[in-house]
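Notes for the structure review
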Amino acid sequence: MAVAELIAENAGTLLLFLVTLVVILLYQNTRRPTGFPPGPPALPIIGNVLTFRSSEPIYHIFGRLAEQYGRIFSLKLGSFWVIVLNDIEDIREALIKQPIAFAGRPNLYTTQIATEGFQDIAFTDYGPDWQLHRKIGNAALRHFASGDKLDKLVHGVLPGVAKVLDRSVGKALDLKDVIDRFIYIVLANMCYGKGYDFDDPLLTEWFALNKELQQVLGGGLPRDFIHSLKCLPLTSREKQLKELVDKGLEFVYKEFKGHRDTFDPNNIRDLFDSLIAAQKEDAEETGSKAEFLTDVRVIQTVNDMFGAGTGTTIPTLYWAIAIMIEHPEILERVTKEIDEVIGQDRLPSLSDRGSMPYTEATLMEVNRYGSVSVIGLPKSVTKDTTFRGFTIPKDTMVLLNLKGVHFDQRHWDEPHQFKPERFLDESGTHMIKPPASFVPFSIGRRSCIGENFAKGEIFLVFCWLFGRYSFAKVPGRESESLLQLNMDLGSFANEPKPFEVIVSKK
Ligand code: HEM
């Protein structure tokens, strides 16, 4: 009998066989690997992606799942198996006791595009290139967080901010735009040595570009999570993402070229110059060409610092302002300390930090309460690993519920209350070592390299703002709490809802 006839005669059976095969494959695809942490049942193809399409904050969702399945639970996001760590003991066990196993980063389409094929620090997988790259980035950043360099960077922007605030006295103003511009200018100064005017149209262009990028990205692209989509042509949204990334990078490339053409080793002007100096050293050590610290890596490092530095510092300051307005009794103690130590005749300096324990403790509590890096950056497991009795295969994605840790009742007394005293000794005059469950900058090999820079910058901006100005709720809207999470930003929201304040000068 001819093959065609055989198929025709048994078409029904064949179809049934194929459908059964597909169903079995899809089912198998949703089964957890042996020894894997438990979690909610996953749907074929998309897994538990719908968990993230909720109007509930992600740390609540994770908290709920942890109660149901245990503090180490798993999810399936498209083709990725993910484990979520909710307990500080587990996070420490993973990141401190098994530092290399938990130091990877997942291979996501979006981050691959944004980092020109993983040439940056933050999204590149663990390995010798990343190690060396991080060391160089760290050294360059340390340079700007030390001595009076950071003071000067921030002081340089103050006249522009003062102008905007002075002309807003008595009016209702959303300080978010002011903070956005403030921090963008500080970072642009550090990275590119550029002193932008507060109303510079380029800043407005940057904000528009970033807003568009956020809209295109949302919670990630399907291609990030479903491996089989990688072989299909790009969708219009993916093309748009690439165009936006290229548009942003065009500016950074132009700056890089300008810096390289005018580079003087005796006059390191900014982060770009520091990295170009490191690049030249690397080239001398390795022969005639820079094998490791390529131009793309230099550009991507600057891009990383700019993105990481603005995306976290801005919401932290926004929380700080909202919290101070909601807690006048705390603000009173803070302003008393600012008045006593800094006064009105000079500008705040990093050297004041040691003499201002209450303000420092308040800012640490802002870091805990605001928890702007809600789940940190996604990690991945670099090798097959045994962890707390579970078997975690290589490349499993790992998410840390950092905000959940900061609101864990087992570690924090009344976690929903804002209490700077948590970080002070009984006399209230000396800082204490923060508890192990205080992890705003994460811990371990991939912890934030901008921690000192960020803390210093936030301290300077905060002391200047509250030393010179007062902010009050808009009359008639006093009962509206400013401490509500802006859920318009989705379940990963990390800043308060937009609010207006009445500005007055001291
Ligand atoms: C309040 C401000 C900030 C917070 C709360 C914060 C928090 C974090 C967190 C949680 C991570 C992820 C760590 C992990 O994967 O375990 C991170 C990574 C990182 N941060 Fe920050 N950050 C802040 C400011 C900054 C600043 C100002 C810079 C640079 C100018 C910076 C540069 C980076 C970089 C480059 C990484 C990636 C490190 C790596 O993958 O090796 N951050 N940050």
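Residues numbered from 1 in each chain as written. Predicted model: local features only at pLDDT ≥ 70, side-chain atom pairs only at ≥ 80, totals over all residues. Heavy atoms only, no water.

If you look the chain up in an unreviewed UniProt entry, it shows as Cytochrome P450 from Patiria miniata. On record in UniProt, under Cofactor (unreviewed entry), the comment for the chain is "heme". (UniProt positions renumbered as here; feature names shortened; annotations may be inferred.)

A look at the overall build of the chain
Regarding its fold elements, the chain presents 17 helices and nine strands. A globule of 506 residues ought to have a C-alpha radius of gyration of about 23 Å, and the chain, at 25 Å, matches this closely. Counting over 506 residues, the chain shows a buried share of 50%. A separation threshold of at least 6 residues defines the contact pool for the chain, and within that pool the share at least 24 residues apart is 71%. Summed over its atoms, the accessible surface of the chain is roughly 23700 Å², and 55% of this surface lies on carbon and sulfur atoms. (Helix = DSSP H or I, 4+ residues; strand = E, 2+ residues; numbered from the N terminus. Rg over C-alpha atoms; globule rule 2.2 N^0.38 Å. Buried < 20%, exposed > 50% of the residue type's maximum accessible area, 1.4 Å probe, protein only. Contact = heavy atoms within 4.5 Å. Areas by Shrake-Rupley, 256 points an atom, 1.4 Å probe, with all protein chains shown as cover.)

Thoughts on the layout of surface pockets
Considering only enclosed or pocket space, the second largest pocket measures out at about 410 Å³ in volume. Taken together, 15 residues form the lining of the second largest pocket, with G63, E67, G404, F407 and D408 sitting closest to its centre. Looking at the lining of the second largest pocket element by element, the count peaks at six residues for helix α3 (residues 58-69). (1 Å grid on protein atoms, 1.4 Å probe; cavity = no way out; pocket = protein on both sides within 12 Å on 5 of 7 lines; lining within 4 Å. Points joined across faces, edges and corners; volume = space filled by probe spheres on them.)

A short note on the packing of aromatic side chains
Overall, the coordinates contain 27 aromatic pairs when judged by the stated rule. Through pairs of rings, three or more aromatic residues link up here, namely Y184, Y192, Y196, W206, F207, F251, F256, F272 and F306. Above the face of the Y358 ring, R333 is positioned so that its terminal group lies 3.9 Å from the ring centre. When the ring centre of W412 is taken as reference, the NZ or CZ atom of R368 above it lies at 5.3 Å. (Phe/Tyr/Trp six-rings, centres within 6.5 Å; stacked < 30°, edge-to-face > 60°. Lys NZ or Arg CZ within 6 Å of the ring centre and 35° of its normal.)

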